[in-house]
Amino acid sequence: ENAAPLFSDDYVLDFTPPPGSAPPKSKFYGKYTGIAGLLEWQTYCSEFDFSSFKMEGRSAISPTEVLVEISYIPTLKSGKTTGKRVSDVQKWTVVGGKATAFKVWPGDYAAANDLF
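Here is a short report on the structure shown in this document. Once a new chain begins, its residue numbering starts again from 1 and follows that chain's sequence as written. It should be noted that, the model being predicted, local features are given only for residues of pLDDT at least 70 and side-chain atom pairs only at 80 or more, the latter also being counted only at that level, while totals for whole chains, interfaces and linings use all residues. Side-chain metrics in this entry use all non-hydrogen atoms of the structure; hydrogen atoms and water are not considered.

**Observations regarding the overall build of the chain**
- Numbering of helices and strands runs from the N terminus, with a helix taken as a DSSP run of H or I at least four residues long and a strand as a DSSP run of E at least two residues long. Along the backbone of the chain there are two helices and six strands.
- For the chain, the succession of helices and strands along the chain, N to C, is β-β-α-β-β-β-β-α.
- Throughout, the radius of gyration refers to the C-alpha atoms, and the reference size of a globule is 2.2 Å times the residue count to the power 0.38. Its C-alpha radius of gyration of 14 Å places the chain within 12% of the 13 Å reference for a compact globule of 116 residues.
- Based on the C-alpha atoms only, the size of the chain along its principal axes is roughly 40 × 30 × 30 Å.
- The buried label applies to any residue whose accessible area, calculated with a 1.4 Å probe on protein chains only, is under 20% of its type's maximum; exposed applies above 50%, and partly exposed to all values in between. Within the span of the chain, comprising 116 residues, buried residues form 36% of the whole.
- Counting only contacts in the chain whose residues sit at least 6 apart along the sequence, the fraction spanning at least 24 positions is 48%.
- Accessible surface for the chain amounts to roughly 6,600 Å². Of this, 57% is attributable to carbon and sulfur atoms.
- For the purpose of charge, His is not counted, nor are the chain termini; Lys and Arg are scored as positive and Asp and Glu as negative. By convention, the point assigned to a charge is CZ for Arg, NZ for Lys, CD for Glu and CG for Asp. When the 12 basic and 13 acidic side-chain charges of the chain are each reduced to a single mean position, those positions are 4 Å apart. In what follows, a contact means two residues having at least one pair of non-hydrogen atoms within 4.5 Å. Using the Shrake-Rupley algorithm and a 1.4 Å probe, accessible areas are obtained, with residue cover drawn only from the displayed protein chains.

What follows is the structure in structure tokens.
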């Protein structure tokens, strides 16, 4: 219910691996729809330590879309880490004041996937 004011009912979160990549070892990588899908994905986020997360920049590419570059050191709460900072690109789509889509292009999917 807290997400409803911010996300559309048909919200699409796409954090699928790049084409040709190894299959994901965690449900963190996948495609989720609706608010229920967003909440499910957030449970998989709890595996990670996001203390190194930084937003590096953002740029509007249309009236409804923003590209965001983030960086972080992939680290699980268990302490397992890649030890190197990577950058991802995200595309947020917002229509009528609500997020309708979120797409991530991971900077080093293979290294992060190998943490599992």
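**A word on helix 1 (residues 34–45)**
- Multiplying 1.5 Å by the helix residue count minus one yields the expected span of that helix. Here helix 1 is twelve residues long and its end C-alpha atoms lie 17 Å apart, about the 16 Å a rise of 1.5 Å per residue gives.
- Along helix 1, the residues classified as buried are Gly34, Ile35, Gly37, Leu38, Trp41, Tyr44 and Cys45. On an axial view of helix 1, the arc spanned by its buried residues comes to 165°, and they lie on one face.
- In this structure, the buried residues of helix 1 make contact with strand 1 (7–14), strand 2 (31–33) and strand 6 (98–105). Arc definition: directions from the helix axis to the C-beta atoms.

**Some points on the packing of aromatic side chains**
- In summary, the pairing rule links any two rings of Phe, Tyr or Trp, Trp by its six-membered ring, whose centres are within 6.5 Å, and it sorts them by plane angle into stacked for under 30 degrees, edge-to-face for over 60 and tilted for everything else. Taken as a whole and assessed by the stated rule, the structure comprises 14 aromatic pairs.
- Through a chain of ring-to-ring contacts, three or more aromatic side chains come together here, namely Phe15, Phe28, Tyr29, Trp41, Phe48, Phe50, Phe53, Trp92, Phe102, Tyr109 and Phe116.

**Here's the deal with the side chain of Thr93**
- Structurally, Thr93 can be placed in strand 5 (residues 86–95).
- Ignoring anything within four residues of it in the chain, the contact list for Thr93 reads Thr64, Glu65, Lys98, Ala99, Thr100 and Ala101.

**Digging into the pattern of salt bridges**
- The working definition used for a salt bridge is a side-chain nitrogen of Lys or Arg within 4 Å of a carboxyl oxygen of Asp or Glu. In total, this model carries four salt bridges according to the counting rule given.
- The residue Lys103 makes a salt bridge to Asp14 at a minimum N-O spacing of 3.6 Å. With a gap of 89 residues between them, Lys103 in strand 6 and Asp14 in strand 1 connect regions that are remote in the sequence. For the pair formed by Lys103 and Asp14, the shared burial category is buried.

**What about the sheet that holds strand 6?**
- The strand order 2-1-6-5-4-3 describes an open sheet built from six strands, whose pairing is mixed. With partners counted over all chains shown, the strands left at the sheet margins are strand 2 and strand 3 (54–62), one partner each. With strand direction ignored, the average angle separating the axes of adjacent strands in the sheet is 15°. Two strands are counted as paired when DSSP detects at least two bridges linking them. Note on geometry: axes are lines fitted to C-alpha atoms, helical ones only across the stretch in contact, with angles between N-to-C directions running from 0 to 180 degrees.

**Digging into the pairing of strand 4 (residues 65–72)**
- Both strand 3 and strand 4 contribute to a ladder of seven bridges, which runs antiparallel. When the sheet's bridge partners are listed, Ala60 is paired in strand 4 with Val66.
- The hairpin turn running from strand 3 into strand 4, its antiparallel successor, is two residues long.

**Section: the side chain of Asp14**
- Take Asp14: its relative accessible area is 15%, and that puts it in the buried class.
- Within the structure, Asp14 has its side chain in polar contact with the side chain of Thr16 (distance 2.6 Å).
- Excluding its chain neighbours within four sequence positions, the residues that come into contact with Asp14 are Gly30, Lys31, Phe102, Lys103 and Val104. Definition of a polar contact: a pair of N or O atoms within 3.5 Å, with one able to donate and the other able to accept a hydrogen when the atoms are protein atoms, and with sequence-neighbouring residues admitted only if both atoms are side-chain atoms.

**Some words on the environment of Ser26**
- Tracing the sequence through the fold places Ser26 in the loop between strand 1 and strand 2.
- Exposure remark for Ser26: the relative accessible area of 9% places this residue in the buried category.
- Considered as a pair, Ser26 and Asn113 are 87 residues apart in the sequence and their alpha carbons are 7.4 Å apart.
- Discounting chain neighbours no more than four positions away, the residues touching Ser26 are Glu47, Asn113 and Phe116.

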